[in-house]
Amino acid sequence: MGLRNTLLVMALLLSDSIWVLYKEKWSLWFFFSFFLSSLLCLFPHCPPFLLLGAASLESQAFFNETGDLPCHFPNSQNLSLDDLVIFWQDQNKLVLYELYRGQEKPHNVHPKYIGRTSFDQDSWTLRLHNVQIKDKGSYQCFIHHKRPQGLMPTYHMSSDLSVLANFSQPEINLIPNQTENSNIINLTCSSTQGYPEPQRMYILVKTKNSTTEYDTVMKKSQNNITELYNISISMSFSIPPETNVSIFCVLQLEPTKTLLFSPPCNIDAKPPVPSPPVPDHILWIAALLVTLVVVCGMVFFLTLKKRKKPQAGPSKECETIKLEGTESEQTEKRVELQEPERSDEAQCDINISETASGDKSAPHF
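Summary of the structure given here. (Residues numbered from 1 in each chain as written. Predicted model: local features only at pLDDT ≥ 70, side-chain atom pairs only at ≥ 80, totals over all residues. Heavy atoms only, no water.)

1. Quick word on the environment of S191
Working step 1: For S191, the position within the fold is in strand β11 (residues 184–194).
Working step 2: For S191, a relative accessible area of 0% translates into the label buried.
Working step 3: Beyond its immediate chain neighbours, meaning those up to four positions away, S191 contacts F167, S168, P170, M201, N230, I231 and L251.
Working step 4: Reaching out from S191, the side chain makes a polar contact with the backbone oxygen of S168 at a distance of 2.5 Å. (Helix = DSSP H or I, 4+ residues; strand = E, 2+ residues; numbered from the N terminus. Buried < 20%, exposed > 50% of the residue type's maximum accessible area, 1.4 Å probe, protein only. Contact = heavy atoms within 4.5 Å. Polar contact = N/O pair within 3.5 Å; in protein donor to acceptor, adjacent residues only side chain to side chain.)

Here it is as structure tokens:
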């Protein structure tokens, strides 16, 4: 029994010395003290105040807001804060906050965390304000019991902090098309100031009877200071002109798989394209051609009709002249046969007779 107490006192004194020498290297001091305390617990009647347990918890915070770093100390012995030493450190062993026997010790806190923390005594939770993307990672809470013999490691807990930043609502920007009657849509979609990197961004086209997805390469850029992402896509595709179309830009986030939709971009159906009006000069030419065809047809019809109708006047006159000529020839032949050598007086009478017959139509006095 005396040996156990002697070893216990030695462990407490040694741990208190390490506390002084390695005040800013909390994990080394804690685990060394824990090792000595565990060694003491090999003996019977191990004191219950040495180490109550260890736990791990995941927490989440949003960019520029407050994150919780829990400790969840059960405090089954109702220890007062005046008897405890409490501190948090990050994965790089930088101290966020220290409460030494009820008093804050800012001189042990790293400059990047000064003024950014507050301790909730009711829930044993450290609140980290103005969370940045760089604050993601693992944090540890340590609690020690301050005894007359020195500090005794009492509780330890780890927590992993993840940081999210909400992307802005995706926004569609239509690019004017040089051809007015074209069914090709050119657009860009963008979303900014988010974290972590999203899984994908795509275009959703909805009509009355169909829904179509269009994928493309997602362009991303990351701010060197805030580490936030800006996302954009560019795309061209055809749409049916005869129906109304609603276009959405969809951003699929990580790790929640949440879908973030843009406001709809509505495109109305195009009216049927009317036939181009016929120029006036073409109408005039067509009317002139029709008139010319009609006139030519009438002329042809009249000409054909005239050819078929008999001409009484000229034919009758020709027959009369022909008949008179025949009678004169017969008379001449008769005179020659009967009186081949007539006197000049008879010949004169014949000429007078022919002249009279030729001038039959002349008036007689």
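2. Quick word on the nonpolar core
Working step 1: By size, the foremost hydrophobic cluster in this structure holds 53 residues, and its most contacted members are W88 and I247.
Working step 2: Top contributing element to this core by residue count: strand β15 (residues 229–238), with five residues. (Core = buried A, V, L, I, M, F, W, Y, C linked by side-chain atoms within 4.5 Å.)

3. Digging into the pairing of strand β8 (residues 137–147)
Working step 1: Most of β8 is tucked away: nine of the 11 residues are buried.
Working step 2: The sheet contact formed by strand β3 (residues 84–90) and β8 spans seven bridges and is antiparallel. Residue pairing for β8: I86 is matched across the bridge by I143.
Working step 3: Where β8 meets strand β9 (residues 150–164), 11 bridges bridge the pair, whose relative direction is antiparallel. In the strand pairing of β9, R147 is matched with G150.
Working step 4: Taking the residues between adjacent antiparallel strands as the criterion, β8 and β9 are bridged by two residues. (Pairing = 2+ DSSP bridges.)

4. Structural notes on the environment of S190
Working step 1: Within the secondary structure, S190 sits in strand β11.
Working step 2: S190 sits in the partly exposed class, given a relative accessible area of 32%.
Working step 3: Not counting chain neighbours up to four residues away, the residues in contact with S190 comprise Q169, P170, E171, M201, I231 and S232.

5. Brief notes about the sheet that holds strand β6 (residues 117–120)
Working step 1: Taken together, three strands build an open sheet; the order of strands is β2-β7-β6 and the sheet is antiparallel. At either end of the open sheet lies a strand with only one pairing partner, and these are β2 (67–70) and β6. For this sheet the average axis-to-axis angle between neighbouring strands, irrespective of direction, equals 25°.
Working step 2: Of the pairings in the sheet, the one linking β6 to strand β7 (residues 125–128) comprises four bridges and is antiparallel in character. Looking at the pairing, D120 lines up with T125 of β7. (Axes fitted to C-alpha atoms, helices over the stretch in contact; angles between N-to-C directions.)

6. Quick word on the state of the cysteines
Working step 1: Using the criterion set out here, one finds two disulfides in the structure.
Working step 2: Linked covalently through their sulfurs, C71 and C141 form a disulfide whose S-S length is 1.8 Å. Disulfide C71-C141: torsion about the S-S bond near -65°, hence left-handed. Separated by 70 residues along the polypeptide, C71 in the loop between β2 and β3 and C141 in strand β8 bring together distant segments of the chain. The same class applies to C71 as to C141, namely buried.
Working step 3: In this model, C189 is linked to C249 through a disulfide, with the two sulfur atoms separated by 1.9 Å. Judged by the torsion about the S-S bond (-100°), the C189/C249 disulfide is left-handed. (Disulfide = S-S within 2.5 Å.)

7. A few points about the packing of aromatic side chains
Working step 1: Summed over all chains, the structure comprises 10 aromatic pairs.
Working step 2: Taken together, the aromatic side chains of F73, W88, Y97, F119, W124 and Y155 make up a single cluster linked through ring pairs.
Working step 3: For the cation-ring pair, K206 lies above F248, with the distance from its terminal atom to the ring centre recorded as 5.5 Å. (Phe/Tyr/Trp six-rings, centres within 6.5 Å; stacked < 30°, edge-to-face > 60°. Lys NZ or Arg CZ within 6 Å of the ring centre and 35° of its normal.)

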